[in-house]
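# Residue-level structure breakdown
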Amino acid sequence: MKRAKLSFSNIILITACLVVVVSILFLNVINTRNIITLKSSIDTLSIENKNISILRTSSDELVEAQLIFTRFTQVGDTSLSNLSAQSFDKLIAHLQLLKKESDSGRAAQITQQLTKEKSLDQLIKDFELLSGDLKEQKIDINNKTISDSLIKLLADYNLLFKNVLVKEDLYRENLNSTIFKNAVTGTDVIQQFFWVSLLIILFIVGVLVFNIYKMVNYENEILEAREKAVKLAQVKSRFLSNMSHEIRSPLTAIMGFTEIIDKIETDAEKKNFLHAIKTSSEHLLSTVNDVLDFSKLDAGKLKLEKQPFYIAAAIEEVAFALSTTSAASKGIKVETVINLGRDLTVKGDLFRLKQILYNLLSNAIKFTEKGGVTILADIVGNAGNQVMIKIRVVDTGIGIPNDQIKTVFEEFTQVTTSNVNKETRRSIKGTGLGLSICKMLVELQGGSIAVESKLNQGSTFTFGIPYELADGKVENEKDLSNMNNVSSSLRGKSVLVIEDNEVNIMLLTMLLKKVGIIYDVAKDGEIGLQLFKDNQYDIVLTDINVPKLNGDEFAIIVRQYTDETKRKIPIIALTATIVQDDLDDYVAAGINEVLVKPFKQDELYSVIEKYV
């Protein structure tokens, strides 16, 4: 089974998306680092501005205090002494504030530069002493030496403050320049990231548009393919229906007349000829059924029955049917080893079980030239009201080559070996659908099937199906072999036959005459409808595909008729179509029952007797 692969455009799209994701992550890392650096620089500037402001204010206070003190030493005014003391107090307060901010960061570096000669505590102490002396008038301004030394000290302190401020201004200028460069670099990176991202996004949008365009085209192609598939399915269904009809219609006459002649013929040689015709007809019918069953299984439209039956009796019935026909003609013995109770009753599809057994057993006989075939049945599991039935069909035939074992269940497959003779190769020809249908039927019922084989020694086909246990006994079906003595109640009954095929008309009228039924024949639907209106009948037998008015259209008109007695007349459809959808449509049109061609005469009598 082929799996869808990524297109080239999808690979490009995925690659572009991965590139974008990686690029975004990488550029985000770079931008994050730039932002962190900028924030750190801004925080540093913010701290420096605060401490420099304190230092600058302190320097201004020192200058003011120095000027006032110098004036005081010149004029000796006590008011100037107090004013100078107040200036020193302000200076002390600013220096104490600077001391609080000097624990870490750039403020500590400023303090270190400021206190290279004297500590900040010593400066504060000196200014406190000077302020106290000015307030208490302890400074002798007449002593020129003291006055000059104090003025020189203040000038030195003032110069110290200014030097620190000059250095800090230079540092701030350098830091501002670095921050600006970082900001410019970060801006450039962000701009580059923007343009690169924009280009990649435009590229992705282009690829997306291209993919959407392709998806729309793919969707249109899928819709067109779906429409074609639906039409092909309808054509296939019609073809199968028409094929079934065209093959089954002549088979109805062939098998019907063969059955009639076989019951009245006593010559042994002629009976052999009739047996050959009957066998060939049944083989052709079996081939048609295989094709139709495979079609229904493949489409998932096959419906399973769920009725109680004796499983041992079903196995023995199939074994007996083939052992007395195809196996007997080849001199092959068919044995059954059934390790099941004869009264074991299960619920399931009896017909499909027989079909599986028939296909496996007929295959085993077909591929076996000498020896025999054995059917073994066992119970291999029992859980609650369910039982697992395992059935093996063992033959001593030509076997299956190792390279073909895996393909035996594939449709239209036939096993071929190089060492079989010409007659054997002829005998194993067929449609190649039997084993494929077996596998589908087994799996449809929740089971499994397998095969083991050795070349020129034989094969063993094993399948298991879970069945639900059934309570009570199975009601015996009506024995069709004893239906020749049809009830005398059919004699004198009136039947309307709508059929356009001359041979089928001949067969039907012969069968109806045989039991004393009175009949009228219409070769198209319009004549049949007119006869229905003009006469009183007990039952209508109509083919579906008749001219002018089909059988189901006839039934619709009848079910809408005003006369209640006529409206309720039983209508039996005789059709060669076995497509389930068509059969459902026929019943929905008002047909009571569908009798599929080819049918046996006893089946026809049984259906008529059921409704009249």
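In this text, all values refer to a predicted model and were calculated from it rather than measured experimentally. (Residues numbered from 1 in each chain as written. Predicted model: local features only at pLDDT ≥ 70, side-chain atom pairs only at ≥ 80, totals over all residues. Heavy atoms only, no water.)

Taken as a whole and assessed by the stated rule, the structure comprises 10 salt bridges. Of the charged contacts, one joins E335 and K333 as a salt bridge, the two residues approaching to 3.3 Å between their closest N and O atoms. On the basis of relative accessible area, E335 is assigned to the partly exposed category, the value being 36%. For K333, a relative accessible area of 55% corresponds to the exposed category. (Salt bridge = Lys/Arg side-chain N within 4 Å of Asp/Glu carboxyl O. Buried < 20%, exposed > 50% of the residue type's maximum accessible area, 1.4 Å probe, protein only.)

Attention shifts here to the pairing of strand β7 (residues 458-469). For β7, a buried count of 9 out of 12 residues is recorded, marking the element as mostly surrounded by other parts of the structure. Pairing geometry for strand β3 (residues 345-348) and β7, over 2 bridges, is antiparallel. For V346, the partnering residue across the bridge sits in β7 and is L469. In terms of strand pairing, strand β5 (residues 386-395) meets β7 through 9 bridges, oriented antiparallel. (Helix = DSSP H or I, 4+ residues; strand = E, 2+ residues; numbered from the N terminus. Pairing = 2+ DSSP bridges.)

Non-glycine residue N456 carries a positive phi angle of around 65 degrees. Counting through the fold element by element, N456 comes out in the loop between β6 (448-454) and β7. Backbone geometry places K548, a non-glycine residue, at a positive phi of 70 degrees. In this fold, K548 is placed in the loop between β10 (539-543) and α14 (551-559).

Direction vectors running N to C along helix α13 (residues 525-534) and α14 enclose 25 degrees, while the axes themselves pass 10 Å from each other. The angle between α13 and α14 places the two elements in the roughly parallel class. Here the hand of the crossing between α13 and α14 comes out right-handed. Contacts between α13 and α14 involve G525, G528, L529 and F532 from the first element and F554, I557 and V558 from the second. In terms of residue class, the contact of α13 with α14 is built from 5 nonpolar, 2 polar and no charged. (Axes fitted to C-alpha atoms, helices over the stretch in contact; angles between N-to-C directions. Parallel < 35°, antiparallel > 145°, perpendicular 65-115°, else oblique. Left-handed = near helix turned anticlockwise from the far one by under 90°. Contact = heavy atoms within 4.5 Å. Nonpolar A, V, L, I, M, F, W, Y, C, P; charged D, E, K, R; others polar.)

A separate point is a nonpolar patch on the surface. There is a patch of nonpolar side chains on the surface, built from F194, W195, L198, L199 and L202 and spanning about 550 Å² of accessible area. Inspection of the secondary structure assignment puts F194 in helix α5 (residues 144-264). A relative accessible area of 48% places F194 in the partly exposed class. (Patch = residues over 30% accessible without salt bridge, like charges linked within 9 Å, V, L, I, M, F, W, Y side chains within 5 Å. Areas by Shrake-Rupley, 256 points an atom, 1.4 Å probe, with all protein chains shown as cover.)

Here we come to the packing of helix α9 (residues 350-366) against helix α11 (residues 434-444). Their axes nearest at 9 Å, the elements α9 and α11 cross at an angle of 145 degrees. Both α9 and α11 take part in a crossing whose hand is left-handed. Counted together, R352, Q355, I356, N359, L360 and N363 of α9 and G434, L435, I437, C438, L441 and V442 of α11 form the full contact between these two elements. Tallied by class, residues from the contact of α9 with α11 come to 7 nonpolar, 4 polar and 1 charged.

In terms of nonpolar packing, the biggest core is built from 42 residues, with I311, L353, L360, L361, I391, F463 and Y467 touching the most fellow members. Listed by contribution, the elements that provide at least two residues to this core are α7 (311-323), α9, β4 (372-383), β5, α11, β6 and β7. Considering every element that reaches this core, the biggest residue donor is α9, with 7 residues. In this view, L353 contacts F309, I311, A314, I391, F463 and Y467; residues no more than four positions away in its chain are not counted. Core analysis: the next-biggest nonpolar cluster, separate from the first, contains 28 residues, I68, F88, I124 and V164 among them. (Core = buried A, V, L, I, M, F, W, Y, C linked by side-chain atoms within 4.5 Å.)

For K330, the position within the fold is in helix α8 (residues 326-330). Classification of K330 by relative accessible area gives partly exposed; the value is 30%. Along the chain, K330 and E369 lie 39 residues apart, while their C-alpha atoms are 7.3 Å from each other. Not counting residues within four places of it along the chain, the set of residues in contact with K330 comprises I365, K366, T368 and E369.

So, about the confidence of the model for the protein chain. A low pLDDT means the predicted coordinates there should not be read in detail. Mean pLDDT for the protein chain: 78, with 79% of residues reaching 70 or above. The low-confidence segment residues 477-484, where pLDDT is below 50, has 9 contacts with residues more than four positions distant or belonging to other chains. (pLDDT = per-residue confidence, 0-100.)

This part is about the packing of aromatic side chains. As enumerated under the stated definition, the model contains 4 aromatic pairs in all. Ring plane angle 90 degrees and centroid distance 6.1 Å describe the contact between F409 and F461, whose orientation is recorded as edge-to-face. Here F409 is found in the loop between β5 and α10 (422-427), whereas its partner F461 is found in strand β7, with 52 residues between them in sequence. A relative accessible area of 13% means that F409 is categorised as buried. F461 gets classed as buried once you look at its relative accessible area, which sits at 8%. Summarising the aromatic geometry, the rings of F532 and F554 are spaced 6.0 Å apart at their centres and angled 80 degrees between planes, so their arrangement reads as edge-to-face. Pair noted here: F532 is in helix α13 and F554 is in helix α14, with a separation of 22 residues, a long-range link. According to the relative accessible area criterion, F554 is buried, its value standing at 1%. Taken together, the ring pairs connect F532, F554 and Y561 into an aromatic cluster. (Phe/Tyr/Trp six-rings, centres within 6.5 Å; stacked < 30°, edge-to-face > 60°.)

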